[in-house]
Amino acid sequence: MAVRVVTDVAPIESPPISSRAGVLAGLAAALLQNKKALAGLVMLAFFALVALLAPVIAPYDPHSLQFDPILRPSPAHLLGTTSFGQDIFSQLVWSTRQSLLLAIIAGLMATLISLAIGVSAAYLGGVADHVLNLFTDVFLVIPTLPLMIIVAAYAKSGGVAVLIAVIVITGWSYGARQLRSQALSLRNREFLEAARVRGERSLYIIVFEVLPNMTSLIVAIFLGAALYSVLAAAGLQFIGLGDPNDLSWGTMLYWAQANGALLAGSPIWVLAPGICIALLGAAFALLNYAFDEISNPALRPVKKTK
Amino acid sequence: MIATRPVLEVNDLVVEYGSVRAVDRVSLAVAPGEFLAIVGESGCGKSTLLFAIARLLSPPARIVSGDVHFQGKDMVTLDEDELRHVRWRHYSVVMQSAMNALNPVLTIGAQLRDAIKAHEDMRDSKIRARSEEVMRLVGIDPVHLKSFPHQLSGGMRQRSMIAMALVFTPELVIMDEPTSALDVVAQRSLMLQIKELQKKIGFAAIFVTHDMSLVSHFSDRLAVMYAGQVMEIGPTNKVFSDPKHPYSSGLLGSFPSIRGPRQALAGIPGSPPDLAHPPPGCRFHPRCPQVMPHCKTIEPPFYQREDVDIRCHLYADNR
Amino acid sequence: MQITAELKADTAEPIIRAVGLSRHFQLGGPLVRRTLHAVDDFDLTIGANEIVALVGESGSGKSTVARLLARVYRPTSGQILYHGRPLAQMRSRRQRLDYAARVPMVFQDPYGSLSPVYRVSHGIMRALKLHRPELSHAQRDQEAARILRSVGLSPPLEFLNKFPYELSGGQRQRIGFAQALACRPELILADEPVSMLDVSVRIGVLNLMADLRRNEGISFLYITHDIASARYVADRLVVMYAGRIAEAGPAEDVLANPKHPYTQLLLSAVPDPRAPISLPATSDVAEPPRVINPTEGCRFRWRCPYAIERCSVETPLLRPLRPAHEAACHVAT
């Protein structure tokens, strides 16, 4: 029998959280101390700022076709112009808005659905659990590319709504499994039993006792979903699923590819949006790793002692 | 009296985790065939001390100063190759929870084989013979060599661990709370078995536990640790019959008895200090019922009373 | 203390009376009939102002009994009477809440029994809100402070604002008791409250239980594997083995005159630094069994030095051997 005597002292290796702060504040402090998190936050903040200040930063109207096509980068056109005569830099800046919004909105929706299904499966148990798991597994296994092609064939008017729908449908199942696992492992923790014995209602327990203990995982899943959204959105727009008249990095790639940008001698048209997609994705990925490290000290990098 | 060289000698050992000092200048010695018990509550550093002695520390823990001499050899400076030569053959370790230390997907026999082969090149037939011998030694039918850990009871698992530790008949066996995962009856049984094996094979033993009463009848010498330091060390019967350090007597007084009259006990108020910021002077002074003014500023050295060393100003030589 | 009239059916009755209680668990799938008998034929009476200790090793069923009394599990058979009224009849939310207030539980794990994301005031305030809704916000604060003082955590406001990771194990267990006290309980079910605490801290918590009984008249069911601590606080001792009661009686009498061979084995195995080894050490290697699909007969017979043929055939029932002292053994006298 496990007579495991617990430390009667605060653990030596606990992270340096100020004693009066709440858990959220503690999390914020831990984030700021983590290099990966800082890098990710800086990048994300940068893109958010650009998106916000697009009208100010972009020198020209991104749609305007008034310039000479395929100009080299110059002080007048920092990144040159497209085959149609649009300023690439202005396009890039304005595209930040849609790309960022897509990532966050699709990421949030996918996370919410994962949460609802994962936690319900854990708490309803029995037949409901089996059904929900089956449902999750089916979606996990659906190949995304054929699905996208099918949807593209059926969606007459494309647009952001269809994009988000496809991303969410293909993206929620991954998180659902993890959330279910964690909810299950929490289920037997004694403080939940204490809440039950105290007389709390089940819904109260799930919302106020279980979910707050899952915040770390929920945020990590959101970040993962956002990362997936960035890449999936870009991919979908690249194959023409979105509205080609939208301003986003993916559509820039679509037009660049349609006009043979690389062959025509303006590789910047492809590189610029490509790099932005990569950077935004990296921002989410870095934050994701940072969260994993914070919630699981075993993953933290070990400082090399001499 | 012939002075025999101690099997293990620890001198002023200091172990730190980053800036926290988990073991603070601990010195002790174990004679051949002697049973030394190290007793303390959680956070006192006893497990860290054990790991340091066995060279099992992993970063960020590290030995900062002091030395550990095993059979005259300096353990701290040995490299991995030399260590492997000494490990298991001359000293071995029994961990706290067999379920954690045993591989759940390998049979006991396979694990014994692994242990043997890691340290010596033996023919398979010899390995088999030795495995059966050592299982019988700990009171398990050798047929269980084919069993998986989950098929054995808790007590039998612990015995398998001990069998593994004895496979090369080492001179020293280090045990970290090997009985705490067992129920009372199995605990008693295991302790008797360990004592019997010790008499038969003659190894010295260091036994770390939080349960003072468990070792009272089995150990030759007893060291009481608190907040990373040894507070009292001496022959078991002397420490038990007359605990001198206020912590030792407080600890002993925390065990309700099943015999004798029922009496109210006080335990020890407060809790062990945060090792990142230990109290100045004597580390026990905030909780000590016999605290004196200078205990708060001056750290007591060891004083001797008969064969017992006590880290307490109450026993300063001029008293 | 507001106990509704319909709840206190009969105040002359003891707080809890368990009669023939049993709880079985189905193991394996629908094709395999394997039933784990966690508790069988359990009788227990707990009155006002008394501490009853339930002693047993792991697998003895003692924790299951606690959960049956806390209404976490429903009994497979038998009944539990609260002041004479069967729990099975108390089905409305109001009745369940009232019972949860009168018979709360304190848990074993000081780390796990408090939610890490809230301050320690959370559980106490929730308990007060749920069970004493008549209190105003200010009254709740006052009551929380009073409760913390009574469990020995002073100054109360400083402790209420801390997070669990800032407290030691002993302090966390005291918060656990505070949560139970917030409901104005009659009987606290304490499931191994000190097993995971350091030795020197245990006495403090055990003394707290004795103080609460003496000063506030609260009864305790103290569940433990440590018979020495059971003796320290309890008036009566109930020894369980493999889901059944082996022996029950006044604590001092059971210790001085253990009748059941298992109790004798237990007592001989308990290390006592102050006493030399006087009783012969048994070479007993076996451990308490998991009782799956049991047959008739005494469940201790395989380890019992006194077993006779009757022990394999007939399950022994509790019978009185001394005043107020019973044992379930065919051989005991």
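You'll find the structure just up there.
Residues numbered from 1 in each chain as written. Chains lettered and ligands numbered in written order. Predicted model: local features only at pLDDT ≥ 70, side-chain atom pairs only at ≥ 80, totals over all residues. Heavy atoms only, no water.

1. What to know about the packing of helix α4 (residues 88-124) of chain A against helix α5 (residues 126-141) of chain A
Helices that pack against each other are described as a pair by the angle of their axes relative to one another and the distance between those axes. All names here are of chain A. One way to put it is that α4 packs onto α5 with a least axis distance of 7 Å and a crossing angle of 150°. With respect to α5, the axis of α4 lies roughly antiparallel. Regarding α4 and α5, the two cross each other, and that crossing is left-handed. Within the contact between the two elements, α4 uses Ile-117, Ser-120, Ala-121 and Leu-124 and α5 uses Gly-126, Ala-128, Asp-129, Leu-132, Asn-133, Phe-135 and Thr-136. Split by residue class, the contact of α4 with α5 holds 6 nonpolar, 4 polar and 1 charged. (Axes fitted to C-alpha atoms, helices over the stretch in contact; angles between N-to-C directions. Helix = DSSP H or I, 4+ residues; strand = E, 2+ residues; numbered from the N terminus. Parallel < 35°, antiparallel > 145°, perpendicular 65-115°, else oblique. Left-handed = near helix turned anticlockwise from the far one by under 90°. Contact = heavy atoms within 4.5 Å. Nonpolar A, V, L, I, M, F, W, Y, C, P; charged D, E, K, R; others polar.)

2. Thoughts on the pairing of strand β7 (residues 187-191) of chain C
All names here are of chain C. Burial within β7 is extensive, with 5 of its 5 residues counted as buried. Residues Leu-187, Leu-189 and Asp-191 of β7 are buried on one face, and the alternating residues Ile-188 and Ala-190, pointing to the opposite face, are buried as well. When strand β6 (residues 105-106) meets β7, the two strands line up parallel, connected through 2 bridges. The residue of β7 that forms the bridge with Val-106 is Ala-190. Summarising the sheet, β7 and strand β8 (residues 219-224) pair through 5 bridges and their orientation is parallel. Within β8, the position partnered with Ile-188 by the bridge is Phe-220. (Buried < 20%, exposed > 50% of the residue type's maximum accessible area, 1.4 Å probe, protein only. Pairing = 2+ DSSP bridges.)

3. Some thoughts on the side chain of His-260 of chain C
All names here are of chain C. Note on placement: His-260 falls in the loop between α9 (251-256) and α10 (261-269). Under the relative-accessibility criterion, His-260 is labelled buried at 4%. Within the local environment of His-260, its side chain forms a polar contact with the backbone nitrogen of Tyr-262, the two atoms lying 3.0 Å apart. Discounting residues that sit within four places of it in the chain, His-260 has contacts with Ala-246, Glu-247, Phe-300, Ala-327, Ala-328 and Cys-329. (Polar contact = N/O pair within 3.5 Å; in protein donor to acceptor, adjacent residues only side chain to side chain.)

4. Describing the packing of aromatic side chains
Applying the stated criterion to the full structure yields 22 aromatic pairs over all chains. Aromatic pair Phe-84 of chain A and Trp-269 of chain A: ring centres 6.5 Å apart, planes at 90°, arrangement edge-to-face. Remark: Trp-269 of chain A occurs in helix α13 (residues 268-295) and Phe-84 of chain A occurs in the loop between α3 (54-57) and α4; sequence separation between them is 185 residues. In this structure an aromatic cluster arises from ring pairing among Phe-84, Tyr-254, Trp-255 and Trp-269 of chain A. Its guanidinium or amino end placed over the ring of Tyr-123 of chain A, Arg-187 of chain A lies 5.7 Å from that ring's centre, counting from NZ or CZ. In this arrangement the basic side chain of Arg-311 of chain B is found over the ring face of Phe-302 of chain B, its NZ or CZ atom lying 4.7 Å from the centre. (Phe/Tyr/Trp six-rings, centres within 6.5 Å; stacked < 30°, edge-to-face > 60°. Lys NZ or Arg CZ within 6 Å of the ring centre and 35° of its normal.)

5. A look at the interface of chain B and chain C
In this complex, chain B contributes 39 residues to the contact, which on the side of chain C involves 39 residues. Approximately 3,500 Å² of surface area, both sides summed, lies buried where chain B meets chain C, with 55% of it carried by carbon and sulfur atoms. The largest contributions to the chain B side of the interface with chain C come from Arg-188, Ile-258 and Arg-262 of chain B, which together make up 21% of the buried area. If you look at where chain B meets chain C, you find 1 salt bridge. Notably, a salt bridge pairs Glu-252 of chain C with Arg-262 of chain B, separated by 3.9 Å at the nearest N-O pair. At the boundary of chain B with chain C, the tally comes to 11 residue pairs in polar contact (both at pLDDT 80 or more). Of all the secondary-structure elements, those providing two or more residues to the side of chain B that touches chain C are α6 (154-165), α7 (184-201), α8 (212-215) and α10 (246-252) of chain B. (Buried area = accessible area lost by both parts, 1.4 Å probe. Salt bridge = Lys/Arg side-chain N within 4 Å of Asp/Glu carboxyl O.)

6. Points about the sheet that holds strand β2 (residues 34-46) of chain C
All names here are of chain C. What the 4 strands build is an open sheet, ordered β2-β1-β4-β5; its pairing is antiparallel. Only two strands of the sheet have a single partner each, and these edge strands are β2 and β5 (85-86). With 2 bridges connecting them, strand β4 (residues 77-82) and β5 associate as antiparallel partners. Bridge pairing in β5 places Tyr-82 opposite Arg-85. Contacting β1 (16-27), β2 and β4, helix α1 (residues 62-69) runs over the sheet at an angle of about 115° to β1.

7. A look at a nonpolar patch on the surface
Residues and elements named next belong to chain A. Taken together, the side chains of Leu-49, Leu-52, Leu-53, Val-56 and Ile-57 define a hydrophobic patch exposed on the protein surface, amounting to about 490 Å² of accessible area. Going through the elements one at a time, α2 (35-52) and α3 are the ones with two or more residues in the nonpolar patch. Residue placement: Val-56 occurs in helix α3. Residue classification places Val-56 among the exposed residues on the basis of a relative accessible area of 68%. (Patch = residues over 30% accessible without salt bridge, like charges linked within 9 Å, V, L, I, M, F, W, Y side chains within 5 Å. Areas by Shrake-Rupley, 256 points an atom, 1.4 Å probe, with all protein chains shown as cover.)

8. Remarks on unusual backbone geometry
A cis geometry characterises the amide bond from Ser-154 of chain C onward to Pro-155 of chain C, with omega recorded as -5°. Mapped onto the fold, Pro-155 of chain C is located in the loop between α4 (137-150) and α5 (156-160). In this model, Ile-70 of chain A sits at a positive phi of 45°, which is unusual for a non-glycine residue. Mapped onto the elements of the fold, Ile-70 of chain A is located in the loop between α3 and α4.

9. A short note on empty space enclosed by the protein
Summed over the entire model, instances satisfying the criterion amount to 10 cavities of 30 Å³ or more. The space that makes up the largest cavity amounts to roughly 470 Å³. Taken together, 33 residues make up the lining of the largest cavity; nearest its centre are Asp-211 and Phe-255 of chain B together with Arg-202, His-225 and Asp-226 of chain C. The greatest single-element share of the lining of the largest cavity, amounting to 4 residues, is contributed by helix α7 (residues 199-216) of chain C. Put simply, the second largest cavity is a space of about 150 Å³. (1 Å grid on protein atoms, 1.4 Å probe; cavity = no way out; pocket = protein on both sides within 12 Å on 5 of 7 lines; lining within 4 Å. Points joined across faces, edges and corners; volume = space filled by probe spheres on them.)

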